Amino acid sequence: MIPSLLAETSSPRTERARVLVVDDESMIREMLADFLELEGYSVTTASDGMAALDATGARPYDLVLTDMKMPRLGGIALLDRLREQAPTTMVVMMTGFGTVETAIDAMKRGAHDYVLKPFKLDEVSHVVERALAKRRVEAENIRLRQSVSLYKVSEALNLSLSLDQVLDTVVTTTLSELGADFVAVWFCGSEGDFFERHRGVGSAPDGSAALEGVVDANTLGAALAAGRPVLVHGEESRPYFTPAMRDAASSFVAVPLTVKGKMLGFIAAVASAPSTRFEEGQRKLLSIIASRAAASIENARLYGDLQATFQQTIEGLASAIDKMDRYTAGHSVRVAEYAMLLARRLGLTEAEIALARHSALMHDIGKIGCALNLNKPGKLTSDEYEVFKQHPAHGRDILSPIKFLNPLIPGVHLHHERFDGRGYPLGLEGRGIPIIARIITVADTYDAMTSDRSYRRALPHAVAVAEVERCSGTQFDPEIAASFLEGLDAFRDELLANGAQVPA
Ligand SMILES: [Fe+2]
């Protein structure tokens, strides 16, 4: 667990360090208070452990200097309570010569140091200063660690446009930074309800399986939506858990995910070990993570929507192209599938595979610009063929003004180039032809051969394969043609297994 540094209001370096002197002997108490005030500390006194707890409950202290034997609540019991209530506060014990062992025991329980009574004042000053110096170093280290991990999480969030990746970063960071056993992100549903979108389970002492169905998301979401902070422990946390989990969880913190005043959902973290208790500082840390995360989640969602719009636009256009010619129904979709198969086999990146698919879907969009009756029976006349040969250039011209479709232009414009340089429209040669175009050429030709045309029936698969082989190195890039033929059988088996049709 990270101590609650963000909750601190005292900074020992810039303000006077706050010291609480606890002793039931008023003379010692007052003398120490006067002396430490003179040394530059801000000092408060308490007459026993109970009074000390009242004081530390009301405001944070940097150091508590406490006697061992006191009425109501002694030094050791006070130490135990302080370790829970204020783990970053330093505790120094004061004890008589006869109880050195007790002082050592106190050190084992988390006290920082001890002074033996009767003490010299400069000795007390030395021990107090040493304890506070150690605290400053610890605080600095933790601040540094927190800022480094916040920096890392911000960086990871900024880089990612994938919603799953963003949520994964958020959940993993929260698990480790808060020392939580369970962290999950919920999103607002369409009817004011909440649904769990992503979760992470840490090393819960009672096993991760016990953390299923943990949180009553609607009660929690309603509290957060109403602006109530949720940092609760034990009894207080019960309303936020599902009935099955009410006895298992001990500490609970949740913060909303808000973008431009609108709540997208929330992040909640649960600790099930009774010794783990989230502090206000951790709630603030989680709020910082949430504010970074909310913007990234919104971005990733917008990007996802944009991608979906892009897909729908392309698929809509592809089906419009195929509808222009009754002989080419489904042609663009099949060419896209072969193109993806090839792009994968050739080891292209995921982005390039997507580009191959989209370019293949659009490859014949230029037919829209050809004033031809593509449904007429028989072959095209030589004049008509000249018009038809314009379709790659028309494709380029159609896509040029549409910026988000520009990356598809090379595949669309150059899919009738030939490896030997005898294709059109530019007569490019070999690897001078963009790879996406070389891929589409193979995919397009194979599908054209294995489909019915106005002037002939579909050729059998075996004939088309022989033709691809024959034209390898002339019409086709030999490497791509070979890869296509190697991968085709397995691909056909896959299509058949999925109930699709394949060329006979
Ligand atoms: Fe074409």
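Residues numbered from 1 in each chain as written. Predicted model: local features only at pLDDT ≥ 70, side-chain atom pairs only at ≥ 80, totals over all residues. Heavy atoms only, no water.

**So, the overall build of the chain**
Phase 1 of the analysis: Regarding its fold elements, the chain presents 17 helices and 10 strands.
Phase 2 of the analysis: On C-alpha atoms alone, the chain measures out to a radius of gyration of 36 Å, which is more than a quarter above the 23 Å that the 2.2 N^0.38 rule sets for 504 residues.
Phase 3 of the analysis: For the chain, the C-alpha atoms occupy an extent of roughly 115 × 45 × 40 Å along the three principal directions.
Phase 4 of the analysis: Residue pairs in contact within the chain that sit at least 24 positions apart in sequence constitute 63% of those at least 6 positions apart.
Phase 5 of the analysis: Per element, the accessible surface of the chain, about 24000 Å² overall, is 54% carbon and sulfur. (Helix = DSSP H or I, 4+ residues; strand = E, 2+ residues; numbered from the N terminus. Rg over C-alpha atoms; globule rule 2.2 N^0.38 Å. Contact = heavy atoms within 4.5 Å. Areas by Shrake-Rupley, 256 points an atom, 1.4 Å probe, with all protein chains shown as cover.)

**Some details on the coordination of the iron ion**
Phase 1 of the analysis: Only D364 (OD), H391 (NE2), H415 (NE2) and H416 (NE2) from the protein coordinate the iron ion, and they sit 2.2 to 2.4 Å from it.
Phase 2 of the analysis: Taken together, the 4 donor atoms coordinating the iron ion and their angles of 84 to 168° define a geometry best described as irregular.
Phase 3 of the analysis: Along the chain, the residues donating to the iron ion fall in the pattern D-x26-H-x23-H-H. Note that D364 is positioned in the loop between α11 (350-361) and α12 (382-388) and H415 in the loop between α14 (409-413) and α15 (435-449), a separation of 51 residues in sequence.
Phase 4 of the analysis: For D364, a relative accessible area of 4% translates into the label buried. (Donors = N, O, S within 2.8 Å, 3.2 Å for Na, K, Ca; no water. Tetrahedral: all angles 85-135°; square planar, octahedral: opposite > 155°, others 65-115°. Buried < 20%, exposed > 50% of the residue type's maximum accessible area, 1.4 Å probe, protein only.)

**Quick notes on the domain arrangement of the chain**
Where interface size is given, it is often the accessible area lost as the parts come together that is meant.
Phase 1 of the analysis: Domain annotation of the chain identifies domain 1 (5-143), domain 2 (163-302) and domain 3 (324-497).
Phase 2 of the analysis: On a C-alpha basis, the centres of domain 2 and domain 3 stand 50 Å from each other. (Domains from an automatic or database assignment.)

**Thoughts on the sheet that holds strand β5 (residues 113-117)**
Phase 1 of the analysis: An order of β2-β1-β3-β4-β5 is seen for the 5 strands of this open sheet, with the pairing classed as parallel. Only two strands of the sheet have a single neighbouring strand rather than two, namely β2 (42-46) and β5. Averaged over all neighbouring strand pairs, the angle between strand axes comes to 20°, with direction disregarded.
Phase 2 of the analysis: Here 5 bridges tie strand β1 (residues 18-22) to β2, and the two strands are oriented parallel to one another. In the strand pairing of β2, L20 is matched with T44.
Phase 3 of the analysis: Against the sheet, helix α1 (residues 26-38) contacts β1, β2, β3 (63-67), β4 (90-96) and β5, and its axis sits at roughly 170° relative to β2.
Phase 4 of the analysis: The strands touched by helix α2 (residues 49-58) within the sheet are β1, β2 and β3, with β1 carrying the most contacts at an inclination of about 160°. (Pairing = 2+ DSSP bridges. Axes fitted to C-alpha atoms, helices over the stretch in contact; angles between N-to-C directions.)

**Things to note about the sheet that holds strand β7 (residues 194-201)**
Phase 1 of the analysis: A sheet is described by the order of its strands in space; here 5 strands give the open sequence β7-β6-β10-β9-β8, paired in antiparallel fashion. The open sheet terminates on both sides in strands that have one partner only, identified here as β7 and β8 (230-233). Taken over all neighbouring pairs, the strand axes of this sheet differ in orientation by 15° on average, direction set aside.
Phase 2 of the analysis: Summarising the sheet, strand β6 (residues 182-188) and strand β10 (residues 262-271) pair through 6 bridges and their orientation is antiparallel. The residue bridging V183 from the neighbouring strand is A269, located in β10.
Phase 3 of the analysis: Together, β6, β7, β8, β9 (251-259) and β10 form the strand contacts of helix α7 (residues 217-225), whose direction differs from that of β10 by roughly 120°.
Phase 4 of the analysis: Where helix α9 (residues 280-323) meets the sheet, its contacts fall on β6, β8, β9 and β10, and the angle it forms with β9 comes to roughly 35°.

**Points about the environment of P478**
Phase 1 of the analysis: With respect to the helices, strands and loops of the structure, P478 is situated in helix α17 (residues 478-497).
Phase 2 of the analysis: C-alpha of P478 to C-alpha of L231: the two residues are 247 residues apart in sequence and 66 Å apart in space.
Phase 3 of the analysis: The residues contacting P478, other than those within four sequence positions of it, are F419, S472 and G473.

**Side note on the nonpolar core**
Soluble globular proteins tend to pack their nonpolar side chains together in the buried interior.
Phase 1 of the analysis: Ranked by internal contacts, the top residues of the largest apolar core, which has 42 residues, are M362 and F484.
Phase 2 of the analysis: Of all the elements in the fold, those that place two or more residues in this core are α9, α10 (331-345), α11, α14, α15, α16 (461-470) and α17.
Phase 3 of the analysis: The residues touching M362, leaving out its near neighbours within four places in the chain, are I314, L317, A318, I321, L408 and V412. (Core = buried A, V, L, I, M, F, W, Y, C linked by side-chain atoms within 4.5 Å.)

**Looking at a nonpolar patch on the surface**
Phase 1 of the analysis: Residues L161, Y303 and L306 make up a contiguous nonpolar surface patch of roughly 290 Å² in combined accessible area.
Phase 2 of the analysis: Along the polypeptide, L306 turns up in helix α9.
Phase 3 of the analysis: Looking at L306, the relative accessible area reads 57%, which means it is exposed. (Patch = residues over 30% accessible without salt bridge, like charges linked within 9 Å, V, L, I, M, F, W, Y side chains within 5 Å. Salt bridge = Lys/Arg side-chain N within 4 Å of Asp/Glu carboxyl O.)

**A closer look at the pattern of salt bridges**
Phase 1 of the analysis: Counting across every chain of the model gives 23 salt bridges.
Phase 2 of the analysis: Ionic pairing is found between R29 and E30, a salt bridge with its closest N-O pair at 3.9 Å.
Phase 3 of the analysis: What makes R29 buried here is its relative accessible area of 13%.
Phase 4 of the analysis: Here E30 falls in the partly exposed class, since its relative accessible area comes to 37%.
Phase 5 of the analysis: The closest approach of N and O atoms between R197 and D164, which form a salt bridge, is 3.1 Å. One end of the pair, R197, is in strand β7; the other, D164, is in helix α6 (residues 163-178), and 33 residues separate them in sequence.
Phase 6 of the analysis: Using a relative accessible area of 42% as the deciding quantity, one classes D164 as partly exposed.
Phase 7 of the analysis: The structure contains a network of salt bridges with shared partners spanning D23, D67 and K117.

**Re the pairing of β10**
Looking along a regular strand, one sees side chains alternate from face to face of the sheet.
Phase 1 of the analysis: Burial within β10 is extensive, with 9 of its 10 residues counted as buried.
Phase 2 of the analysis: Pairing geometry for β9 and β10, over 9 bridges, is antiparallel. In the strand pairing of β10, A254 is matched with A268.
Phase 3 of the analysis: In sequence, β9 turns back onto β10 through a hairpin of 2 residues, with K260 there showing a positive phi of about 45°.

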